[in-house]
Amino acid sequence: MADPPGCCHPCATCLLCLYSCQWITTKKEKRKGLRTTKCDCSWFLFLFCVFLFTLVWLYFAIIILNDFHNFNEFIFRQRKLWLDWSLVLLIATAVLITYSAVLLVLALCLQLCGQPLKLHWLHKALLILTALVVAAAFTGLGIKWAEEWRSARVSLQATGPFLHIGIVGGMTLLAWPLASFIYRTRNTGLKVFLLLMYSAVMIALYLAPLGINSPCIMEENQLPPKPALVGHRGAPMLAPENTLMSLYKAVGCDVQVFETDVMVSADGIPFLMHDEELDRTTNVQAVFPKRAALNCTAFNWTDLQQLDAGSWFLERKPFPTVQSLSEDDRYQVTIQKIPSLAEALEAAKESNISIMFDLRPENHSDYQSFVNATLEVILESGIPLQQVLWLPDGFREQVKQQAPGIQQVYGRKRLPNEKEPLLYVNLPYQDMSSEEIRQYRQDNISVNLYVVNQPWLFSLLWCSGVSSVTTNACQVLKEMKHPIWLLPSSTYLMIWIVVDCASFLVILWAFFLLKKCSQRRRPVESETDVLLTKINSLMQE
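Residues numbered from 1 in each chain as written. Predicted model: local features only at pLDDT ≥ 70, side-chain atom pairs only at ≥ 80, totals over all residues. Heavy atoms only, no water.

1. Quick look at the environment of Ile 437
Then, number 1: For Ile 437, the position within the fold is in helix 17 (residues 434–442).
Then, number 2: Between the alpha carbons of Ile 437 and Val 451 there is a distance of 16 Å; along the sequence they are 14 residues apart.
Then, number 3: When sequence neighbours within four positions are dropped, the list of residues in contact with Ile 437 reads Met 432, Leu 449, Leu 461, Ser 464, Gly 465 and Val 466. (Helix = DSSP H or I, 4+ residues; strand = E, 2+ residues; numbered from the N terminus. Contact = heavy atoms within 4.5 Å.)

2. Some thoughts on helix 18 (residues 455–464)
Then, number 1: Taking burial as the measure, the 10 residues of helix 18 include 9 buried ones, the bulk of the element.
Then, number 2: Taken as a whole, helix 18 has its buried residues at Trp 456, Leu 457, Phe 458, Ser 459, Leu 460, Leu 461, Trp 462, Cys 463 and Ser 464.
Then, number 3: Once helix 18 ends, the next one or two residues include Gly 465, with phi positive near 95°. (Buried < 20%, exposed > 50% of the residue type's maximum accessible area, 1.4 Å probe, protein only.)

3. Here's the deal with the state of the cysteines
Then, number 1: According to the stated counting rule, one finds 1 disulfide in the structure shown.
Then, number 2: Residue pairing for Cys 216: its cysteine sulfur links by disulfide to Cys 463, the two sulfurs lying 2.3 Å apart. Every disulfide takes its handedness from the sign of the S-S torsion; for Cys 216 and Cys 463 that torsion is 100°, giving right-handed. Residue Cys 216 is located in the loop between helix 8 (188–207) and strand 1 (228–232), and its partner Cys 463 is located in helix 18; the two are separated by 247 residues in the primary sequence. Taken individually, Cys 216 and Cys 463 each receive the classification buried, so the pair is uniform in this respect. (Disulfide = S-S within 2.5 Å.)

4. Concerning the pairing of strand 2 (residues 257–264)
Then, number 1: In terms of residue burial, strand 2 counts as a mostly covered element, since 8 of its 8 residues are buried.
Then, number 2: Residue alternation in strand 2 divides its side chains into two sets, Val 257, Glu 259, Asp 261 and Met 263 and Phe 258, Thr 260, Val 262 and Val 264, and both sets are buried.
Then, number 3: As defined by bridge partners, strand 1 adjoins strand 2 across 3 bridges and the pair is classed as parallel. The residue bridging His 232 from the neighbouring strand is Glu 259, located in strand 2.
Then, number 4: The pairing of strand 2 with strand 4 (residues 354–359) spans 6 bridges and is classified as parallel. (Pairing = 2+ DSSP bridges.)

5. Things to note about the pairing of strand 4
Then, number 1: With 5 of its 6 residues buried, strand 4 lies for the most part within the structure.
Then, number 2: Pairing geometry for strand 4 and strand 5 (residues 388–390), over 3 bridges, is parallel. Looking at the pairing, Met 356 lines up with Leu 389 of strand 5.
Then, number 3: Taken together, strand 4, helix 15 (residues 367–381) and strand 5 constitute a β-α-β crossover, and its handedness is right-handed. (Right-handed = clockwise from strand over helix to strand, strands pointing away.)

This is the structure:
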């Protein structure tokens, strides 16, 4: 088979060496028998599927970065090992996608050069291993972190228009090797099948925007106000979580609400702490090694005040932003203690921000006494009750009676026959659709969604009209003056039409150009076949 015009022999040699680990010499006898078989085509199809599979996983990996700190905390609670597993995820994913992409590009170039697709056995083994690793990753995601499937569905509202353009572009480029293969093969049935399949896929892609619904496709004057920021445990990227330093850093990020978690000590003092055990965010292992595994409610307030609640932040570096802390901030981190709820309320009152908290653990036998102790501290603090947002469901009616001014925040959607209308709801961002957010906004119900760290997600919820978001990255979202993208529907329609038309013209050009190249090769190949036939006849005589 002659090399097509523009495919030099050294290039073909290099490509076949990388893909098949076989060298092409100038002697045609060395190439005898090197033809693309049905088995080779099957391996190419498998390579293409593995590439797509890995590409989808890359998309998932990027999306779940918004929630990956939760995964790091989960691993620590299970294994007592702290590591930023997002780096491991991204590096492993980058290696897999790069390997499969390079192999696919080599295969497509070989097809354009008219060379056989003889995939080496080592590449075959590595491709199978890649597919198994990605399948295991998806399986683990579905078992241990199922809510991320809903995160991916939410993300499509933000990325849908751009994914459509990218997929159309990729499938358009695929027209070149497809046309090259169709003009070389003599199997008419296979030609018709491939053309029909490719045409069906392209028609579906051209019409895909009819099903794309993104809240950020709107006119500029329809954009809702920017959502307020709620500091998740303060500003945990800038200071140790649930400390007074974290609260003040959150105030510097213009947050309107400090979100935290409250526990009650053995001697009845409410304090700020998220985990039921103290080992992740304090030095309890060094101070009380025999009691380190106990629930934090088993410690009295005097014991808790002996713990260092800041140094772990510098040692474990839970976020990359720790590297950029100033010397003064680093010193402030090292002197942080576990704050009492009374101290946090005083700081919130001075800073004129609200405080929203959950009271934990909900299944504790003394939970009612925890509620009473917490209410007592709130009423004695002198903070305006409208600045206190109450999340716990347990004994809510008692709280309403004793402190009717406290704002009640519900961790659920409203019920069909709700007697008392909800004013505030606090839900995971995966649990509310854009349509529900708009409806709640029309009904004057404030919606706070958590935890929102990535600008793309914040932009999507901004366009949807959410009232506020709970975030770890208040310093990032504070700087956003506008959603990442906002397209009027007329502009998006124009982009859609231009992309589809350009794709269609490029595909026609690819088939037309490769057809002319194919016709130019046929006389040469016919003469070569005649000459080889004569030589074989003479040798037989």
